[in-house]
Amino acid sequence: TVFAEFITILQNTNADLIISDFSEVDENGNITKEHNYKIDNSEKAMEIYRSILDRNPADFDASFNYAVLLAEGGQDEEALRLFLELEKLDTKNSALYFEIAKTAFNSGDMAKAAMYGEKALELEDEEIEISDFLLLAYEKGGFYAKYLEMADDVIEYNTENSRTGS
């Protein structure tokens with residue numbers, strides 16, 4: 001299985017912990033089992049993801065996680081390129097849209113940050129982290145009308161949830 005290959009890669013890197021959200025797949029590419037492991041060292045994680053991608057360049061999860069690590073390491077341009085390639089494969093992924101938004105924000109592209117933040121929020125409309133991010137992107141990008149509209153919505157949402165105890 002793919003997981004057996006992954007364990008081999010892991011043993012070759014002497015990593016302490018395994019990558020998160022890795023799945024076993026059958027010969028047809030169908031997920032048969034999900035695993036939720038973590039790895040502490042981002043350099044080792046990048047090496048493992050790179051090795052997985054060398055064997056299977058179409059692995060969405062490995063590509064996504066590799067791009068996240070690139071972004072966390074300040075390689076925003078390369079991370080953004082990978083995220084946008086992944087968008088062609090999955091146009092309904094709020095986590096992907098949010099990562100694109102954050103990476104665009106970090107590279108100074110507030111228009112793209114706002115656009116992808118909005119796409120993420122459209123799919124996860126009650127995700128306060130995305131709402132807070134959008135407020136910041138609107139403010140930094142000078143999108144004041146959107147900022148004011150969003151601020152009113154966030155205040156209303158927080159007020160309603162404080163009454164219900166959510």
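Residues numbered from 1 in each chain as written. Predicted model: local features only at pLDDT ≥ 70, side-chain atom pairs only at ≥ 80, totals over all residues. Heavy atoms only, no water.

**Quick word on the overall build of the chain**
Scanning the chain from N- to C-terminus turns up 8 helices and 2 strands. Reading the chain from its N terminus to its C terminus gives the helix and strand order α-β-β-α-α-α-α-α-α-α. For the chain, long-range pairs separated by at least 24 residues make up 39% of all intrachain contacts whose partners lie at least 6 apart in sequence. (Helix = DSSP H or I, 4+ residues; strand = E, 2+ residues; numbered from the N terminus. Contact = heavy atoms within 4.5 Å.)

**With respect to helix 3 (residues 60-72)**
The terminal C-alpha atoms of helix 3 lie 18 Å apart, and with 13 residues this matches the ideal 18 Å at 1.5 Å per residue to within 8%. Along helix 3, 11 of the 13 residues are buried, which leaves the element largely enclosed by surrounding structure. Looking only at helix 3, the buried set comprises Phe60, Ala62, Ser63, Phe64, Asn65, Tyr66, Ala67, Val68, Leu69, Leu70 and Ala71. Looking at the packing, one finds that the buried side of helix 3 touches helix 2 (42-55), helix 4 (76-87) and helix 5 (94-106). At the C-terminal side of helix 3, Gly74 shows a positive phi close to 85°. (Expected span 1.5 Å × (residues − 1). Buried < 20%, exposed > 50% of the residue type's maximum accessible area, 1.4 Å probe, protein only.)

**Some details on the packing of aromatic side chains**
In total, this model carries 5 aromatic pairs according to the counting rule given. Relative to Phe133, the ring of Phe105 lies with its centre 5.6 Å away and its plane at 65°, an arrangement referred to as edge-to-face. Of the two residues, Phe105 sits in helix 5 while Phe133 sits in helix 7 (residues 128-141), which places them 28 residues apart along the sequence. For Phe105, a relative accessible area of 16% corresponds to the buried category. With a relative accessible area of 10%, Phe133 lands in the buried category. An aromatic cluster of at least three residues, connected via ring pairs, comprises Phe98, Phe105 and Phe133. (Phe/Tyr/Trp six-rings, centres within 6.5 Å; stacked < 30°, edge-to-face > 60°.)

**Observations regarding the confidence of the model for the chain**
On average, residues of the chain carry a pLDDT of 79, and 72% of them reach 70 or more. Element-level mean pLDDT values for the chain span from 47 in helix 1 (residues 2-13) up to 96 in helix 4. Taken as a whole, residues 7-22 scores under 50 in pLDDT and shows 47 contacts with residues more than four places along the chain or in a different chain. (pLDDT = per-residue confidence, 0-100.)

**Focus on helix 2**
Taking 1.5 Å of rise per residue, 14 residues should cover 20 Å, and helix 2 covers 20 Å from first to last C-alpha, within 8% of that figure. Listed as buried for helix 2 are Ala45, Met46, Ile48, Tyr49, Ser51, Ile52 and Leu53.

**Comments concerning the pattern of salt bridges**
Per the counting criterion, the structure on display carries 6 salt bridges. Shared partners join several salt bridges into a network, and the residues in it are Glu78, Arg81 and Glu85. (Salt bridge = Lys/Arg side-chain N within 4 Å of Asp/Glu carboxyl O.)

**Description of the packing of helix 4 against helix 6 (residues 110-123)**
Pairs of packed helices are described in terms of their axes, by the angle between the two and the distance that separates them. The contact between helix 4 and helix 6 brings their axes to 14 Å, and the two run at 40°. On the basis of their axis angle, the class for helix 4 and helix 6 is oblique. The way helix 4 lies across helix 6 gives a crossing that is left-handed. Contact residues: helix 4 offers Leu80, Leu84 and Glu87, while helix 6 offers Lys112, Tyr116 and Lys119. (Axes fitted to C-alpha atoms, helices over the stretch in contact; angles between N-to-C directions. Parallel < 35°, antiparallel > 145°, perpendicular 65-115°, else oblique. Left-handed = near helix turned anticlockwise from the far one by under 90°.)

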